[in-house]
Amino acid sequence: MDFITTAKRSRNMRAIKSSSNTTTEMRFRALLIRNRVAGWRVRPKNVLGCPDFYFSSRLVAVFVDGCFWHCCPKCGHTPKANRRYWTKKLEQNKQRDICINKLLRSQGIKLVRIWECELRAAPQSCLKRLLRTLDTVASPRKLHRIPDVLAAKFPRR
Ligand SMILES: [Zn+2]
């Protein structure tokens, strides 16, 4: 299995770090544009965890996760060289994702996490998942109507 030399592997690692997630993000961005999905921003600094895409009017955050860096259960792996370093590093990434998920949810933000491999193999199902999430979230206009309903139920004296 281990036919790659260490030098080549570290070159691979650098390649993964520098380009893989950018490519995945660009692929998802193209998917949104092609399907005329609007209302998103890329990596807004004011949103915790700086999601790859953010729909502010719907409070939906999308993360497009690289399989290696975010430990995809299907194709993530720990490199054999410097195993201890990588185990720790990847575990930290995983914990960070869990923490961000929790914090965003606690702010009422819905999450869509898409794996790099999933996006490559089935872009349409990734898109569907996003659209479903966007649909299930009440638009802010609807949210604003709720107090009126309550007001009607409990009129002021
Ligand atoms: Zn994967």
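Residues numbered from 1 in each chain as written. Predicted model: local features only at pLDDT ≥ 70, side-chain atom pairs only at ≥ 80, totals over all residues.

**With respect to the overall build of the protein chain**
Scanning the protein chain from N- to C-terminus turns up five helices and four strands. Put simply, the protein chain runs from its N terminus to its C terminus through helices and strands in the order α-β-β-β-α-β-α-α-α. Once local pairs closer than 6 in sequence are excluded, the contacts in the protein chain between residues at least 24 apart make up 60%. (Helix = DSSP H or I, 4+ residues; strand = E, 2+ residues; numbered from the N terminus. Contact = placed C-beta atoms within 7 Å.)

**Regarding the nonpolar core**
Ala61, Val62, Val64, Ile114 and Leu119 are the most contacted members of the largest nonpolar core, which totals 20 residues. Breaking this core down by element, the ones donating at least two residues are strand E2 (53-55), strand E3 (60-65), strand E4 (110-115) and helix H4 (123-136). With sequence-adjacent residues up to four places away left out, Ala61 is seen in contact with Val47, Pro51, Tyr54, Leu104, Ile109 and Leu111. (Core = buried A, V, L, I, M, F, W, Y, C linked by C-beta atoms within 7 Å. Buried ≥ 20, exposed ≤ 12 C-beta atoms within 10 Å, placed from the backbone.)

**What about the pairing of E4?**
Pairing between E3 and E4: six bridges, direction parallel. By the bridge assignment, Val64 is partnered in E4 with Ile114. In this fold, the crossover linking E3 to E4 by way of helix H2 (residues 83-106) has right-handed handedness. (Pairing = 2+ DSSP bridges. Right-handed = clockwise from strand over helix to strand, strands pointing away.)

**Digging into the environment of Phe28**
Position of Phe28 among the secondary structure elements: in helix H1 (residues 6-34). Taking the C-alpha atoms as reference, Phe28 lies 9.0 Å from Cys126; in sequence the two are 98 residues apart. For Phe28, the contacting residues outside a window of four places in its chain are Val64, Ile114 and Leu119.

**So, the confidence of the model for the protein chain**
Scored by pLDDT, the protein chain comes out at a mean of 83, with 75% of its residues at no less than 70. Of all the helices and strands in the protein chain, helix H5 (residues 140-153) carries the lowest mean pLDDT, 45, while E2 carries the highest, 97. Here residues 141-157 scores under 50 on pLDDT; set against residues more than four positions off or in separate chains, the count is one contact. (pLDDT = per-residue confidence, 0-100.)

**Here we look at the sheet that holds strand E1 (residues 41-42)**
Sheet strands pair by backbone hydrogen bonding; their relative direction is either parallel or antiparallel. What the four strands build is an open sheet, ordered E1-E2-E3-E4; its pairing is mixed. With one partner strand each, in any of the chains shown, E1 and E4 form the two edges of the open sheet. The pairing of E2 with E3 spans three bridges and is classified as antiparallel. Bridge assignment links Phe53 to a residue of E3, and that residue is Val62. Along the sheet, H4 contacts E2, E3 and E4; its crossing angle with E4, the most-contacted strand, is approximately 180°. (Axes fitted to C-alpha atoms, helices over the stretch in contact; angles between N-to-C directions.)

**Details of H2**
In this model, H2 (24 residues) spans 35 Å end to end at C-alpha, consistent with the 34 Å of a helix rising 1.5 Å per residue. Little of H2 is tucked away: one of the 24 residues are buried. Where H2 terminates, the next one or two residues include Gly108, which has phi positive at roughly 80°. (Expected span 1.5 Å × (residues − 1).)

**Brief notes about unusual backbone geometry**
Non-glycine residue Leu59 carries a positive phi angle of around 50°. In this structure, Leu59 sits in the loop between E2 and E3. For Leu59, a count of 17 C-beta atoms within 10 Å puts it in the partly exposed group. Positioned with a positive phi, Cys71 is a non-glycine residue whose angle comes to about 60°.

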